[in-house]
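An overview of the molecular structure
For reference, the chains in residue letters:
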Amino acid sequence: MLDTNILFVDDDRDTCASMSDIFLDLGYTVDMAYDGPGALELSGRHQYRLALLDFKMPGMDGLELSRRLRDSQHTVVVGLVTAWTSTATAAAASESGVRRVLRKPVDFVELMPFVEEFAGTV
């Protein structure tokens, strides 16, 4: 199984493309998926250090995806990226194995230490 630094999952294709471009420019290896099933398919072929998941996606939200990813990849660290932050979201995220909830739009000053700690520095 190939080792990839980051899996980024968001149903907004522009968000995926821009985040992927940023992390690729920084030297990370990145896979993108636009939904939960696509992410799970990729996880069957790659081992991820870090998964950054959108919360609100059609079909499978980021919490369910987090549970399913962590079932198959026990060492993956999950961050939830969402505009829907609340105490209830944070509690549900923690129960789903999410290590950190990050608010959209993404603040890179907040995001990068998390990425560097769990996806590795490049």
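Residues numbered from 1 in each chain as written. Predicted model: local features only at pLDDT ≥ 70, side-chain atom pairs only at ≥ 80, totals over all residues. Heavy atoms only, no water.

Brief notes about the side chain of aspartate 31
Structurally, aspartate 31 can be placed in strand β2 (residues 30–33). Nearest to the buried, unbridged aspartate 31 among oppositely charged side chains is arginine 45, at 6.5 Å. Contacts of aspartate 31, omitting those with residues within four sequence positions, involve Thr4, Ile6, Leu7, Phe8, Leu42, His46 and Tyr48. (Helix = DSSP H or I, 4+ residues; strand = E, 2+ residues; numbered from the N terminus. Buried < 20%, exposed > 50% of the residue type's maximum accessible area, 1.4 Å probe, protein only. Lys, Arg positive; Asp, Glu negative; His and termini not counted. Salt bridge = Lys/Arg side-chain N within 4 Å of Asp/Glu carboxyl O. Contact = heavy atoms within 4.5 Å.)

A closer look at helix α2 (residues 36–43)
All of the buried residues in α2 are Gly36, Ala39, Leu40, Leu42 and Ser43. The arc that holds every buried residue of α2, seen down its axis, measures 160°, which confines them to one face. By the N-cap criterion, in which a side-chain oxygen at the helix start approaches the backbone nitrogen of a residue two or three places on, α2 is capped by aspartate 35, the distance to glycine 38 being 2.7 Å. (Arc of directions from axis to C-beta. Polar contact = N/O pair within 3.5 Å; in protein donor to acceptor, adjacent residues only side chain to side chain.)

Observations concerning the pairing of strand β3 (residues 46–54)
Of all nine residues in β3, seven are buried; the element is thus mostly enclosed. Of the pairings in the sheet, the one linking β3 to strand β4 (residues 77–82) comprises five bridges and is parallel in character. If you follow alanine 51 over to β4, its bridge partner there is valine 78. A crossover connection joins β3 to the parallel β4 through helix α3 (residues 62–72); in handedness this β-α-β unit is right-handed. (Pairing = 2+ DSSP bridges. Right-handed = clockwise from strand over helix to strand, strands pointing away.)

Some thoughts on a negative patch on the surface
Taken together, the side chains of Asp11, Asp12, Asp14 and Asp35 make up a negatively charged region of the molecular surface. The topology assignment puts aspartate 35 in the loop between β2 and α2. (Patch = residues over 30% accessible without salt bridge, like charges linked within 9 Å, V, L, I, M, F, W, Y side chains within 5 Å. Areas by Shrake-Rupley, 256 points an atom, 1.4 Å probe, with all protein chains shown as cover. Charge placed at Lys NZ, Arg CZ, Asp CG, Glu CD.)

A word on the nonpolar core
Counting residues in hydrophobic clusters, the biggest one holds 20 residues, and the most contacted among them are Leu7, Val9, Ala51, Leu53, Leu65, Leu69 and Leu80. The set of elements that each furnish at least two residues to this core consists of β1 (2–9), α2, β3, α3 and β4. With residues near it in sequence (within four places) discarded, leucine 69 still touches Leu7, Leu40, Ser43, Ala51, Leu53 and Val76. Core analysis: the next-biggest nonpolar cluster, separate from the first, contains 18 residues, Ile6, Val30, Leu50 and Val81 among them. (Core = buried A, V, L, I, M, F, W, Y, C linked by side-chain atoms within 4.5 Å.)

What about the environment of phenylalanine 114?
As for its position among the elements, phenylalanine 114 is in helix α5 (residues 108–119). Not counting residues up to four positions away in its chain, the partners in contact with phenylalanine 114 are Leu50, Leu52, Val77, Val78, Gly79, Arg99, Arg100 and Leu102.

Some words on the pairing of β4
Among the six residues in β4, six count as buried, and that is most of the element. Side chains Val77, Gly79 and Val81 project from β4 onto one buried face, and the interleaved Val78, Leu80 and Thr82 project onto a second face that is buried too. One ladder, built from five bridges, connects β4 with strand β5 (residues 98–103); its direction is parallel. Within the sheet, the bridge partner assigned to valine 78 lies in β5 and is valine 98. Between β4 and its parallel partner β5, the chain crosses via helix α4 (residues 87–95), and the hand of that crossover is right-handed.

Everything listed here is a matter of coordinates, which is why it stays silent on function.
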